[in-house]
Every structure is written in C-alpha cells, then in structure tokens.
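# Structural overview for review
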Amino acid sequence: MTWQKLKDNDHLVGYIFTAPFILGFLIFTLYPMISSLYYSFTDYMLMDSPRWVGLDNYVTMFTADDKIIKSLQVTFTYVFASVPLRLCFALLVAMLLNKAIGGIGLYRSAYYLPSLIGGSVAVSIMWTQIFGDRGLINSALALIGIETTTSWIGYPGTALWTLIALSVWQFGSSMLIFLAGLKNIPASYYEAASVDGAGKVYSFFKITLPLLSPIILFNLIMQTISAFMTFTPAYIISRGEGGPLDNTLLYSLYLYRRAFQFFEMGYASAMAWVMLILIGLITLLIFQTSKYWVHYEAKGDK
Amino acid sequence: MTFGTKSKNSVLYHLLVGGLALVMIYPILWLAASSLKPNHEIFANAYSLIPSRLEFSNYVSGWNGFAGTTFATFFKNSFIIVIWSTVGAVASSALVAYGFARIRFKGKGFWFGCLMMTMMLPHDVTVIPQYVMFAKLGWLSSFKPIIVPSFFAMPFFVFLMMQFIRTIPPELDEAAKMDGCSKFSIFFRVVLPLITPALVTSTIFSFYWKWDDFYNPLLYLNKPEMYPVSLALKLFLDAESVNNWGGMFAMATLSLLPIVIVFFIFQKYIVEGISTSGLKG
C-alpha cells in the first residue's frame, strides 16, 4: 500500500528521474566550483594542503605575470577574429546552399565535414603539416612562383592566425543552424518585397538578417564561449608550449600549464575564475546589446 | 535564350559552390593521400594528391606504435571509453529528460536552471577540483575519471530529448495512466520508443565528443598502454628523433575513419540534431 503511495507521489518520482543530473551537478559542478573559488585564495601545490593567502594570486596575476597579459591578448585576438569570421562564412555559405537544386546535399556534407572532425588531434596534426615549412601552403605558393620555407606555425607573426584559420574552417555546424533558419523564412516575404521593388541587398538587410537575428545571437554566444575554451589545437600546434614567443598561448593552455605542469593549483584556480568572470561579462554585454539588433517576431500562440 | 542564361547561371553556381567545397575538403583529402605516399615524397610535392605509387607500409609502421604498444591497444582503449561513457550518458540523460519534461515536482524550475547554467559553464572552472577529487579517490591513471561523470547526464542531451518528449501528445501519457501504468512504465513503454531519433542523435554526438576528447585523457592517463587514439597520436610529435611522417599521416587518417563512417550512415540524425537544438558538431 505505502509503496503504491510512494509511486504516485510525483515529487518523489520527479526527483528519482532527475537524480542523475542533480547528484552529478552537486558532485561534479557545484562542489568543484566552490572548492575552486576557495583554492583561488590559497597557495596550493597539490602535494601540500592549501594555505590561505587572500588576494595574492589575483594581485600577482595583474601585476607580476607578463605571460598572463600576453595570454589574454592572444586569446582575445583569437576569439574576436575567429568567431565573427566563422559566423560570416557560415551565413554566406548557408545562403548559397539555400536552394532546391540537385547536389545540394553533397555540398552541405562537404562544408560540414571539417566542423565534425575539426576538434580532433588528427586534424590539429594535419594543420601543423599544412602550414609547416615544407607543407601544403608553401608548396602551393611555390606553384605560383612564391618560394618560401618559413613555417607559418614557427613564425611569431602568423602562428596565431593558423589557429584562427583552423577555427574558421569549421564553420559547418553554424552553417547548418543558419540553413535551418533560412528554410523557415516564408518565400512570400521575399516575393512581396520584390513586388514592392526591393533589391536583393535590401531584402537581405530588411528580411533575412532580422528574421535570423535570434539564431545569430544564440550562435554568437555559444561560439564565443567555446572559442574562449579552445585548447587542443593550441596544445598540438605548439607541442604544449604555447610558442613561438607565447603567440599561441591561449588562456586554457596557460591555465593547463600552470595547473598540471607546475602544479600551482591555487594560482590556476584564480586564473579560472578570472576567465569565468570575463566570459560572463562578455555574454552579458552581448545580451545587453541584443535588444538593439535582435528581432523577435510577435507570435500570439507561442 | 532564357534557358541559355539559366543553365549558364547554374554552371557558374556549381563552379563557385563546388570549387569552394573542394577547397574546404582539400586538406582532408591531402591527409589521406599523404598517408599513401612514400616518406620522402610527402613534402617533396606537398600540394599533390597523387602518390607516385601506393605505399601501404606507412600503415604498418604507424600501427606498430611506440615501444611495443601498438595501435590495436590504442583503438581498444578508445572504444572502451567511448562505449561506456556513451551508454552512461544516453541512459541517464533520457531519465532526466523525462523527469524535467513530464513530471511536476517541487524545485523543478531551480534544477532546470542549474542544467542550463551547466551547459554554458567553462570546463576550466571545475577541472582543478575534479582532478584533486579524483586524485584523492585514487582514480588517477584509470578510465574512471573519464567514464564515471558521463553516468550523471549530459545537459545537451537532456535538452535535446526534452524537445522530443514535448512533441509527444500528453493524452498518450494520460491513456497509459488510465490503464494503470506508473510513471516508470510510461517512461519505458510509451516515451522511450517514441524518442528513438533523439537517442540516436545523442549516441552519435557522445561518440564524437568522446572519440575526439584529448583534454581528459591527457590529464588522467599517464601510461601509454592506457592511451586512447587521440592521445597516442600526440606521441608521433613527441618522438622527434624518429620523424615517421608516413606513419603519423596513416594513423591520423585511420583515427578519423570511424567518425566519417558514422557521419555518412547517420547523416540525417546529425543534421537534424544540429538544426533543432544547436548541438555543436
């Protein structure tokens, strides 16, 4: 009888179904977040127990660590170059592919494939060979008469841009999301606009962009967050060092080195919290500006 | 006349879109082609896609691996990690998704907010205490830190499955309840069969993410005989004196093969998964 009662108690049953998430959240997210905040105020070398040092780690970060300034510069360049370029390419190609002709499926796969495999170590290794001193790029340049054996990855001025190129190359998943959004725009809108004498450019800015803007906002935020966390390609391309001259020392890579090569857990935790706050502020900023450029359709039934 | 310009436009279109598509996949084709070139030829005419002769010995020398550990071991490790964590992630996420989508309970809104927050939380904030926790549990140098967290639901999959569950008419649940089904049997008999597409999509993405995962194995595994393929590929770069470029290209190509095969079989699910929920591929 009581068993029957328990089975009918929705509050209990609800907690049983969601228990995996709730337990996982407490153990693998909430508890680590609180510990990480605590560690960030300590000197913690993993082997010894944490020693409270107050704001020392944060003060050191902003006054005595040149690498962190460099790392932030590199990361901001990476994020603010790769995310907009990636989204522009994604939108451009999505518009090209938003047609009902044969072969579209094949093209769509070809554009999406890099995004599918792009995060893998294999592709990062491939990238080091493409931009290496005798790699694909230099060999192709030689074909058109430009002889060079400078490695794009070894040269401080271009190293970061090879990482940005790798990121832009993976525009496929954003492209698929845009493509789905474009398909939802009724053709009658464009017909009505063209009857009224609107050109293609005008239609793009007055119909396509406003109707896609919620999807653009979503993509912008998710891609920005994941760009800030990029680790694997920087690690592989610079062999874990962030070189040349720290030019590919993305923030995540620097944090990894501090935490797991020098075992400065306290300092690395402080770095993680600075990053969390930065990402939070940037996300907030994007949301704040969104009321000026994101257009929500007024739909009674939603 | 109109037909003429139309077909001319169509040719131009295919030249532009097809040409650009070729540029996009050229690096991948190049990787595969280089894996079949003799070692001295890879960088001699790097731009070329055609080997002078097919050299399968790269696959043999690459497969032999490092210091007695072959790629058979690395692939086996990858599959163990991928299969266990995928089973755990999909099964637990389905339970959680049903709980959030169909049961009204106290505190649901709060926990759902936590789920959404977890989705956007940078991994860097939790990784250090997690490492300390796993070290204290004595789990370092085992697959446990990589596999066990998967059994506690993946927020992205929960979100994707919830969207599917919401498309099932609630009348179906009601009818089953009338017939005397508990929430548990409604979940197993009614909901689960109807959200199969979402289960397949989640399985595929879990497979991709775990197959590609480099950070966690790098952190937790330190013996080469436990390395998955992603981490083993790094060894080609560490062994600077050897320079087995052919072997490296061959194993890199081989490591991408499962992903590409799964992509071509399940394309429909992948495209739908990304377009409906914004899952990142």
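As the structure is a computational prediction, the values presented were derived from the model and not from experiment. (Residues numbered from 1 in each chain as written. Chains lettered and ligands numbered in written order. Predicted model: local features only at pLDDT ≥ 70, side-chain atom pairs only at ≥ 80, totals over all residues.)

This part takes up the packing of helix α2 (residues 10-39) of chain A against helix α4 (residues 108-120) of chain B. The contact between α2 of chain A and α4 of chain B brings their axes to 11 Å, and the two run at 45°. Compared by their axis directions, α2 of chain A and α4 of chain B come out oblique. The interaxial crossing formed by α2 of chain A with α4 of chain B has left-handed handedness. Contact with α2 of chain A, carried on its side by Gly14, Thr18, Phe21, Ile22, Phe25 and Thr29 of chain A, involves Lys108, Trp111, Cys114, Leu115 and Thr118 of chain B of α4 of chain B and no other residues of that element. Across the contact of α2 of chain A with α4 of chain B, the residue classes tally to six nonpolar, four polar and one charged. (Axes fitted to C-alpha atoms, helices over the stretch in contact; angles between N-to-C directions. Helix = DSSP H or I, 4+ residues; strand = E, 2+ residues; numbered from the N terminus. Parallel < 35°, antiparallel > 145°, perpendicular 65-115°, else oblique. Left-handed = near helix turned anticlockwise from the far one by under 90°. Contact = placed C-beta atoms within 7 Å. Nonpolar A, V, L, I, M, F, W, Y, C, P; charged D, E, K, R; others polar.)

Moving on to the domain arrangement of chain B. All names here are of chain B. What the domain assignment reports for chain B is domain 1 (2-61) and domain 2 (67-277). Distance from the C-alpha centre of domain 1 to the C-alpha centre of domain 2: 33 Å. Each partner contributes residues to the interface: domain 1 has 10 residues there, and domain 2 has eight residues. Of all the elements in the fold, those that place two or more residues in the side of domain 1 that touches domain 2 are α1 (2-34) and α2 (57-63). Split into classes, the residues belonging to the side of domain 1 that touches domain 2 amount to four nonpolar, five polar and one charged. (Domains from an automatic or database assignment.)

This part takes up the environment of Phe80 of chain A. Residue and element names in this part refer to chain A. In this fold, Phe80 is placed in helix α4 (residues 66-97). What makes Phe80 partly exposed here is the crowd of 14 C-beta atoms within 10 Å. In sequence terms Phe80 and Ala94 are 14 residues apart; their C-alpha atoms lie 21 Å from each other. (Buried ≥ 20, exposed ≤ 12 C-beta atoms within 10 Å, placed from the backbone.)

It is worth spelling out the interface of chain A and chain B at this point. Each side of the interface is counted separately: chain A has 71 residues, and chain B has 68 residues. In terms of residue count, α2 of chain A provides more of the side of chain A that touches chain B than any other element does, 20 residues in total. Taken together, the residues of the side of chain A that touches chain B sort by class into 48 nonpolar, 19 polar and four charged.

In this structure, Ala90 and Met175 of chain A together with Leu233 and Ala252 of chain B are the most contacted members of the largest nonpolar core, which totals 108 residues. By residue number, the principal contributor to this core is α4 of chain A, which donates 11 residues. Residues lining this core come from more than one domain, with at least three contributed by each of domain 1 (2-61) and domain 2 (67-277) of chain B. Excluding anything up to four places from it in sequence, Met175 of chain A contacts Ala90, Val93, Ala94, Tyr111 and Tyr112 of chain A. Counting 30 residues, the second-largest nonpolar core is a separate cluster that includes Phe21 of chain A together with Leu95, Ala97 and Phe157 of chain B. (Core = buried A, V, L, I, M, F, W, Y, C linked by C-beta atoms within 7 Å.)

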